[in-house]
Structure formats: C-alpha cells, structure tokens
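# A structural walkthrough
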Amino acid sequence: QVQVVESGGGPVQPGGSLRLSCAASGSMLIINSMGWYRQAPGKQRELVATMISTGATNYGDSVKGRCNISRDNVKNTVYLQMNSLKPEDTAAYYCYVEVVVDRAYLKGYWGQGTQVTVSL
C-alpha cells in the first residue's frame, strides 16, 4: 500500500507565496510521476503541475509562470512552490502519485488534500 501525505497549505494574502510538500511512502516503491491537482468548491478538480520520472513537467494554464514543481527522488517527495497567489487559487490541493506495479502497470494514489486560502 502507498501512503501519500501533503503539507504546507494554509492562509496567505494575495501576492504571497506558499510551498506545498507531498511525501509518498510504501514498500518497494517505484514512482512514475508525482503531481498536484486542486479543487475549489463547486468546481472540477484541475491540474496544477506534474512531474514524471524523467523530470519532464506539465503545468495547468492557470498557474503557468507562477508555480514551480520540483522533486526529491531520494525522499520520494514532490514540492510545489506557488508565487504571486491570487484569490482564485483558493482550493484544496491534492497530491497524486503514480506508481509502477509489478513492473507492468501504473496505479495512482491521492493524498487527503491540503487547503490553500488566498485572501486579505
């Protein structure tokens, strides 16, 4: 079983910054990708940023230029640095980890989410 634990959310003023962390743990873990999604009340969950094992990244249009995803492969941890935060960035942020199972297929795991609230 894989555990995914996020941290780093909280309240922040517009224009401020936050750094989210997500750590994955489990036996014989082979991670294909790690990333972040977010969901605001009444809206669908959307991509924030992902990084695959090669280091290639993908960002959602709403955060491009304001966020940076990085990864520590030794610690199986992914970080999301968010800058110039706006009220519309307010959402629950979820970490998603995709692991390789039996060297044959991929399986995804979600974290419990961490709330980010951007307001004065």
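Going by the structure above, here's the rest.
This section reports on the structure supplied with the text. (Residues numbered from 1 in each chain as written. Predicted model: local features only at pLDDT ≥ 70, side-chain atom pairs only at ≥ 80, totals over all residues. Heavy atoms only, no water.)

## As for the sheet that holds strand S1 (residues 3–7)
Counted only if it meets this: Two strands pair if DSSP finds at least two bridges between them. Secondary structure elements follow DSSP: runs of H or I no shorter than four residues count as helices, runs of E no shorter than two count as strands, and numbering proceeds from the N terminus. Note on definitions: angles span 0 to 180 degrees between N-to-C directions of axes, and those axes are lines fitted to C-alpha atoms, for helices only across the stretch in contact.
Spatial strand order, S1-S3-S8-S7: four strands in an open sheet with antiparallel pairing. Single-partner strands in this sheet number two, and they are S1 and strand S7 (67–72). Averaged over neighbouring strand pairs, the angle between their axes works out to 15 degrees when direction is ignored.

## Focus on the side chain of Ser21
Here is the rule: Whether two residues touch is decided by their heavy atoms; if any such pair falls within 4.5 Å, the residues are in contact.
By secondary structure assignment, the location of Ser21 is in strand S3 (residues 18–25). Excluding residues that lie within four positions of it along the chain, Ser21 makes contacts with Val5, Glu6, Ser7, Trp36, Val78 and Tyr79.

## Examining unusual backbone geometry
For Asn76, which is not a glycine, the phi torsion comes out positive at approximately 50 degrees. By secondary structure assignment, the location of Asn76 is in the loop between S7 and strand S8 (77–82).

## Some points on the state of the cysteines
To keep it simple, the criterion reads: Disulfides are defined as cysteine sulfur pairs within 2.5 Å. For every residue, the accessible area obtained with a 1.4 Å probe (protein chains only) is divided by the maximum for its type, and the residue is called buried under 20%, exposed over 50%, and partly exposed between those limits.
Counted by the stated rule, this structure contains one disulfide. The partner cysteine of Cys22 in its disulfide is Cys95, sulfur to sulfur 2.0 Å. Between Cys22 and Cys95, the S-S torsion sits near -80 degrees, and that sign places the bridge as left-handed. A residue pair is termed long-range when its members are at least 10 positions apart, and Cys22 in strand S3 and Cys95 in strand S9 (residues 91–101) qualify at 73 residues. Each member of the pair, Cys22 together with Cys95, is buried. For Cys67, which is in no disulfide, the shortest distance to another cysteine sulfur is to Cys95 and amounts to 14 Å.

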